[in-house]
Each structure stands twice: as C-alpha cells, then as structure tokens.
Amino acid sequence: QVQLVESGGGLVQPGGSLRLSCVASGSIFSLNTMGWYRQAPGKERELVATLTLGGLADYADAVKGRFTISRDNAKKTVYLQMNSLKLEDTALYYCNALARISSTMPILNYWGQGTQVTVSS
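The following paragraphs examine the structure supplied in this document. Fair warning: this is a prediction, and the values are worked out from it, not measured in the lab.

**Focus on the side chain of Arg38**
Now for step 1: Structurally, the position occupied by Arg38 is in strand β4 (residues 30-39).
Now for step 2: Among the polar contacts listed, one links the side chain of Arg38 to the side chain of Glu46, at a separation of 2.7 Å.
Now for step 3: A polar contact is formed between the side chain of Arg38 and the side chain of Tyr93, at a distance of 2.9 Å.

So this is what it looks like as structure tokens:
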C-alpha cells in the first residue's frame, strides 16, 4: 500500500503564502507523477498542479504564476508553494500520486486525506 500524508495547510490572509507538503510512504516500488488537487464546498475536485518524475509540471490556469510544485524524490515528497493567495483558493487540498507497489502490479492512483487551506480577510 501507498500512504500519502499532507501537511502545511492553515488560515492565511489574502496575498499571503503557504507551503504544502505531501510525504509518500509504504510499500512503494515506483512513484511516478505526483500532484495536488483541491475541492471547495459545493464544487468538483479540480487539478491544481502535477509534476512528473522527469520534472515536467502542469498547472491549472487559476494558479499559474502563483503556485509552484516541486518534489524531492529521495524523500518521496511533493510540495506546493502557494503565493499571492486569493479567497478563491480556499479549499481542501489533496495530494495525489501515481504509484505501484511492485513490478507485478499496475500503476494506481493514490490520494491523501487532504489539508485545509483557508484564505480569509
């Protein structure tokens, strides 16, 4: 199994910054693309950013230029640096990873429990 644990969420004022972290653990044979998604009340879960093992990043238009995704492969950790936060960034942020637990198993999609980010004035 692969476990993803997010941290770093909290309450910030508009224009502030937060850095989210997500650590992958468990029986991991390979850890491929990792990313962040978010879900606000009454809305669908949406992509925030993803980052491949090779370093290719993809961002939602709403966060482009403000958020930066990075990863430390040795630590099996993905980060999301969030700057210039806006009220509309308020959501539960989920870590996501494509991984497999052995060479005989398929690549599966894993999710963390989420960390709350609240931007309020």
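**Digging into the side chain of Thr77**
Now for step 1: Mapping Thr77 onto the fold places it in strand β8 (residues 77-82).
Now for step 2: A distance of 2.9 Å separates a polar atom in the side chain of Thr77 from the backbone oxygen of Lys75.
Now for step 3: Here Thr77 is in contact with Cys22, Val23, Ser70, Arg71 and Asp72, once residues within four sequence places are set aside.

**Observations regarding the sheet that holds strand β3 (residues 18-26)**
Now for step 1: Across the sheet, which stays open at both edges, the four strands sit in the order β1-β3-β8-β7 with antiparallel pairing between neighbours. Because the sheet does not close on itself, it has two edges, and the strands there are β1 (2-7) and β7 (67-72). For this sheet, the mean inter-axis angle between neighbouring strands, taken without regard to orientation, is 15 degrees.

Rules and cut-offs
Residues numbered from 1 in each chain as written. Predicted model: local features only at pLDDT ≥ 70, side-chain atom pairs only at ≥ 80, totals over all residues. Heavy atoms only, no water. Helix = DSSP H or I, 4+ residues; strand = E, 2+ residues; numbered from the N terminus. Polar contact = N/O pair within 3.5 Å; in protein donor to acceptor, adjacent residues only side chain to side chain. Contact = heavy atoms within 4.5 Å. Pairing = 2+ DSSP bridges. Axes fitted to C-alpha atoms, helices over the stretch in contact; angles between N-to-C directions.

From the geometry alone we can't say anything about function, so treat these as descriptive.
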